[in-house]
Amino acid sequence: MVVIGDVVTDILTVHEGPLAIGSDTIAEVRIGGGGSAANTAAWLAAAGCPVVFAGVAGDDGPGDARVAEMRAAGVTTSVRRVAGAATGTVVVLTSDAERTMFTDRGANRLLDRSDVERALGLPGVRHLHLSAYVLFDADCAPAGRYALAEARRRGLTTSLDAASAAPLERIGASAFLASVPRPGMLFANLDEARVMAGPGGGADTATLARALLAHADAVVVKSGPGGATWAAPGEVVHAPAVAVAGVVDPTGAGDAFAAGFLAAWLGGAGPEAALDRGNELGARAVSRLGGRP
């Protein structure tokens, strides 16, 4: 399968207690690979699913490191390197409960149709997974929309990760959904689903998932410790979360979930088994620092 989206350098800052604005906060700082799509690709490879990551990085040291990390993780890379552009960077402030991100998308903004064509033209590709971060940026949104439409035209199955609630609110859910070609599968967490479904969309995962079927052939709504729900016309399946001893870092949990679900689903598993696999990888993700396996 092909995963299209961002690859970045994550500067992960795990702080103890609340932030002391205007002063010092004790924290552990780590630097490594990130980006929702790149994370998903790495988790897919860890799950034994052959995967290609397609994106854009700068022709710089961080870009070298990010591509090398993915290749070492078993991901085939189709990454265009751009001289004079900086590889994206995200500063992640995280605690055991939530994370806040400051994002410089850098070269990720330069994704275009040629990158999509190159990835979809690779032999053996039968599924496209797209991170909505591509669609939130006016510079590369046309490439993301083209990817979903062209993949379906070529007979591939498709999936879209809603990625983040705040950009969806900024763009406007109605405008966003109207502009995006219909995906075969839509992944959203509870906050993202509520934004897209609107005030009358409901509060629980099953109601939200059914409401979002207006915009996708099937929908998965994740609710962390509340488990996850899959919906298709006439059918709803819920799977409970996998218990964890303690949440270390929630960064990348949704990316890991999508990878687990897709690896099982594309391998022929039904929705319940795919949800269980997604929950298993999501639980692994929150039990460690960083967004990668």
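Each remark here, short or long, concerns the structure printed above.
Keep in mind that what you see is a predicted model, and the values were worked out from it rather than measured.

A word on the sheet that holds strand β4 (residues 52-58). Strands sit in the order β5-β4-β1-β8-β9-β10-β11-β12-β13 across an open sheet of nine strands; the sheet is mixed. The open sheet has two edge strands with one neighbour each: β5 (76-82) and β13 (235-239). Each strand of the sheet is rotated relative to its neighbour by a mean of 20°, with strand direction disregarded. Relative to β5, β4 runs parallel, the two being bridged by seven bridges. Looking at the pairing, Val52 lines up with Thr76 of β5. Here helix α3 (residues 113-120) sits on the sheet and contacts β1 (2-4), β4, β5 and β8 (127-131); the angle it forms with β5, its principal contact strand, is near 160°. Strand contacts of helix α4 (residues 141-153): β1, β8 and β9 (157-161), with the helix running at about 165° to β8, the strand carrying the most contacts.

Locating Thr77 in the fold gives a position in strand β5. Among the polar contacts listed, one links the side chain of Thr77 to the side chain of Arg71, at a separation of 2.9 Å. Among all residues touching Thr77, those that are not within four sequence positions of it are Phe53, Val67, Met70 and Arg71.

A few words now on the pairing of β4. The element β4 is extensively covered by neighbouring structure, given that seven of its seven residues are classed as buried. Where burial is concerned, the two faces of β4 agree: the one with Val52, Ala54, Val56 and Gly58 and the one with Phe53, Gly55 and Ala57 are both buried. Relative to β4, β1 is paired through three bridges, and the arrangement is parallel. When the sheet's bridge partners are listed, Ile4 is paired in β4 with Ala54. A crossover links β4 with its parallel partner β5, the connecting element being helix α2 (residues 61-72), and its sense is right-handed.

Of note in the backbone geometry, Ala163 takes a positive phi value of approximately 80° without being a glycine. Along the chain, the position of Ala163 falls in the loop between β9 and α5 (165-171).

Taken as a whole and judged by the stated rule, the model has seven aromatic pairs. Geometrically, the ring pair formed by Trp230 and Trp265 is tilted, given 5.9 Å between the ring centres and 45° between the ring planes. Taken as a pair, Trp230 in strand β12 (residues 228-232) and Trp265 in helix α9 (residues 253-266) lie far apart in primary sequence, 35 residues in all. On the basis of relative accessible area, Trp230 is assigned to the buried category, the value being 5%.

This part is about the pairing of strand β2 (residues 8-15). Burial runs high along β2: seven of the eight residues are buried. Examined bridge by bridge, β2 and strand β3 (residues 27-34) share eight bridges and lie antiparallel to one another. By the bridge assignment for β3, His15 is matched with Ala27. Across seven bridges, β2 lies against strand β6 (residues 88-94) in parallel orientation.

What follows concerns the pattern of salt bridges. Scanning the model with the defined rule gives 16 salt bridges in all. Of the charged contacts, one joins Asp6 and Arg105 as a salt bridge, the two residues approaching to 2.7 Å between their closest N and O atoms. Taken together, the residues span a long stretch of sequence, with Asp6 in the loop between β1 and β2 and Arg105 in the loop between β7 (99-104) and α3 at a distance of 99 residues. For the pair Asp6 and Arg105, one class covers both residues: buried. Between Asp217 and Arg152 there is a salt bridge, with its nearest N and O atoms 2.8 Å apart. Here Arg152 lies in helix α4 and Asp217 lies in the loop between α8 (205-211) and β11 (218-222), a separation of 65 residues in the sequence. Taken together, the shared-partner salt bridges connect Asp6, Arg105, Arg109, Asp137 and Asp139 into one network.

Criteria and cut-off values
Residues numbered from 1 in each chain as written. Predicted model: local features only at pLDDT ≥ 70, side-chain atom pairs only at ≥ 80, totals over all residues. Heavy atoms only, no water. Pairing = 2+ DSSP bridges. Helix = DSSP H or I, 4+ residues; strand = E, 2+ residues; numbered from the N terminus. Axes fitted to C-alpha atoms, helices over the stretch in contact; angles between N-to-C directions. Contact = heavy atoms within 4.5 Å. Polar contact = N/O pair within 3.5 Å; in protein donor to acceptor, adjacent residues only side chain to side chain. Buried < 20%, exposed > 50% of the residue type's maximum accessible area, 1.4 Å probe, protein only. Right-handed = clockwise from strand over helix to strand, strands pointing away. Phe/Tyr/Trp six-rings, centres within 6.5 Å; stacked < 30°, edge-to-face > 60°. Salt bridge = Lys/Arg side-chain N within 4 Å of Asp/Glu carboxyl O.

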